[in-house]
Amino acid sequence: MEAAFRVYQLTRDSRNFDPFAMNTDSIENSFISINPPELRFQFELEKQTFCDLKVLNKTENFVAFKVKTTSPKKYFVRPNTGVIHSWDSCIIRVTLQAQQEYPPDMQSKDKFLIQTTALDPNTDVDDLPPDTFNKNSGKLTEELKLKVVYISPTSPGGSTRHVTFQKSAQKLDTYSSQSLQHLKEERDSAVRQTRQLQQELDMLKRRRSRSDPGFSFTFAMFVGFIGVLFGLLLNLSLSSPPTP
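Residues numbered from 1 in each chain as written. Predicted model: local features only at pLDDT ≥ 70, side-chain atom pairs only at ≥ 80, totals over all residues. Heavy atoms only, no water.

### Focus: the environment of Phe62
Short version of the rule: Helix and strand assignments follow DSSP, with helices taken as H or I runs no shorter than four residues and strands as E runs no shorter than two, numbered in order from the N terminus. Relative accessibility under 20% of the residue-type maximum defines a buried residue, over 50% an exposed one, and the middle range a partly exposed one, all with a 1.4 Å probe and only protein chains included.
Mapped onto the secondary structure, Phe62 falls in the loop between strand E4 (49-57) and strand E5 (63-69). By relative accessible area, Phe62 is classed as partly exposed at 33%. As for Phe62 and Trp87, which are separated by 25 residues in sequence, their C-alpha atoms are 8.7 Å apart.

This is the structure we're talking about:
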């Protein structure tokens, strides 16, 4: 009777199972099987993206699970805790929040941990005890570790192109900054040379004005000539007889 019930459960689950919705690779422990075996996100700047994990309960017991991550502010996990009925499955959706910059070499150091344990048949699945996943509680608790992989949305080699484009952009920014700095230095040098030439020209003008008395001598001759001419006119006016 128990064997017949198990076959029925497997048949029911197989009707709800879509083999084309999942990859062939998976990761598992004695309680569950997870597909895919890693979290793969199509990474795009300033855009949310998600990855669905299909978790299959491989036992005839209820299995509780809990999802943890090294970057809780970066990812949104629903559900992060739950219970899977015997021979049943559930979908855990992990959402990567919109990011403002590319990670170095499109590599992620983030990790996920999924804790699992079998539940007692009399456990209230809506109110799990606080020590459900505590290894020291005496219950068998197992863990699965998943890494994060970023993928370009264009093609399998797109991530390499993203990195190449990012490095090219960084090199272009560096070259532009260096060129701008070089132009500023040339401008400052030209300004300094112009000021130096102006100072030398002013100095030459002052030296010439001190060493060339031509202007003062000419002015003195002109004033003397006017004085002589005025004196002659005055003498003529005094020496001429009065008109009758």
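Next comes the rest of the write-up.
### Topic: the pattern of salt bridges
Quick note on the threshold: A pair is scored as a salt bridge if a Lys or Arg side-chain nitrogen falls within 4 Å of a carboxyl oxygen belonging to Asp or Glu.
As enumerated under the stated definition, the model contains 8 salt bridges in all. Lys147 is the partner of Glu38 in a salt bridge, and the nearest nitrogen-oxygen pair spans 4.0 Å. With Glu38 in the loop between strand E2 (32-35) and strand E3 (39-42) and Lys147 in strand E10 (residues 141-151), this residue pair connects regions lying 109 residues apart in the sequence. We classify Lys147 as partly exposed; its relative accessible area is 47%. One salt bridge in this structure joins Asp52 and Arg93, with 2.8 Å as the shortest N-O distance. You can see Asp52 sitting in strand E4 and its partner Arg93 sitting in strand E8 (residues 89-96), a full 41 residues away along the chain. The class of Arg93 is partly exposed, set by a relative accessible area of 38%.

### Topic: the side chain of Asn29
This is how the line gets drawn: Whenever two N or O atoms come within 3.5 Å, that pair is a polar contact, provided that in protein one can donate a hydrogen and the other can accept it, and provided that, for residues adjacent in sequence, both atoms are side-chain atoms. Residue contacts are defined here by distance: any two heavy atoms, one from each residue, within 4.5 Å place the two residues in contact.
Locating Asn29 in the fold gives a position in the loop between strand E1 (27-28) and E2. Residue classification places Asn29 among the buried residues on the basis of a relative accessible area of 11%. Polar contacts involving the side chain of Asn29 include one to the main-chain amide nitrogen of Ile32, which spans 2.8 Å. Excluding anything up to four places from it in sequence, Asn29 contacts Lys58, Thr116, Glu142, Glu143 and Leu144.

### Examining the confidence of the model for the protein chain
Keep this limit in mind: Note on scores: pLDDT gives the predictor's confidence for each residue, bounded by 0 and 100.
Summary statistics for the protein chain give a mean pLDDT of 78 and a share of 66% for residues scoring 70 or more. The model gives residues 1-21 a pLDDT under 50, and that stretch makes 15 contacts with residues more than four places away or in other chains. In the predicted structure, residues 157-161 sits below a pLDDT of 50 and forms 5 contacts with residues beyond four places in sequence or in another chain.

### Concerning the sheet that holds E2
Spelled out, the test is: Strand pairing is assigned whenever DSSP detects at least two bridges linking the two strands.
In space, the 5 strands of this open sheet follow the order E1-E2-E4-E8-E6, with antiparallel pairing throughout. Edge strands, defined here as strands with exactly one partner in the open sheet, are E1 and strand E6 (75-78).

### Describing the packing of aromatic side chains
As a reminder of what qualifies: What counts as a ring pair is set by centres within 6.5 Å for rings of Phe, Tyr and Trp (its six-membered ring), and what kind of pair is set by the plane angle: stacked under 30 degrees, edge-to-face over 60, tilted for all other angles.
If you walk through the whole model with that rule in mind, you get 4 aromatic pairs. Residues Phe41 and Tyr75 carry aromatic rings whose centres are separated by 5.7 Å and whose planes lie at 40° to one another, so their mutual orientation is tilted. In this pair, Phe41 sits in strand E3 while Tyr75 sits in strand E6, placing the two residues 34 residues apart along the sequence. Note on Tyr75 and Phe112: the rings are 5.1 Å apart at their centroids and 75° apart in plane angle, and the pair reads as edge-to-face. Here Phe112 lies in strand E9 (residues 111-118) and Tyr75 lies in strand E6, a separation of 37 residues in the sequence. We classify Tyr75 as buried; its relative accessible area is 5%.

### Remarks on the pairing of strand E7 (residues 81-84)
With burial as the criterion, only one face of E7 is covered, namely that bearing Gly82 and Ile84; the residues Thr81 and Val83 on the opposite face remain uncovered. Judged from the 4 bridges that link them, E5 and E7 form a sheet pairing that is antiparallel. Bridge assignment links Lys66 to a residue of E7, and that residue is Thr81.

### Topic: the layout of surface pockets
The criterion, for reference: Cavities and pockets were defined on a 1 Å grid built over protein atoms only: a cavity is a set of grid points that admits a 1.4 Å probe from which the probe cannot escape, a pocket is an open set flanked by protein on both sides within 12 Å along at least five of seven lines, and lining residues are those with an atom within 4 Å of any such point. Grid points are joined across faces, edges and corners, and a volume is the space filled by probe spheres set on the points. Note on residue categories: nonpolar means Ala, Val, Leu, Ile, Met, Phe, Trp, Tyr, Cys or Pro, charged means Asp, Glu, Lys or Arg, and polar means any other residue, Gly included.
When its volume is computed, the largest pocket comes out at roughly 170 Å³. Lining the largest pocket are 13 residues, with Lys74, Glu101, Tyr102, Pro103 and Pro104 sitting closest to its centre. Here the residues of the lining of the largest pocket sort into 5 nonpolar, 4 polar and 4 charged.

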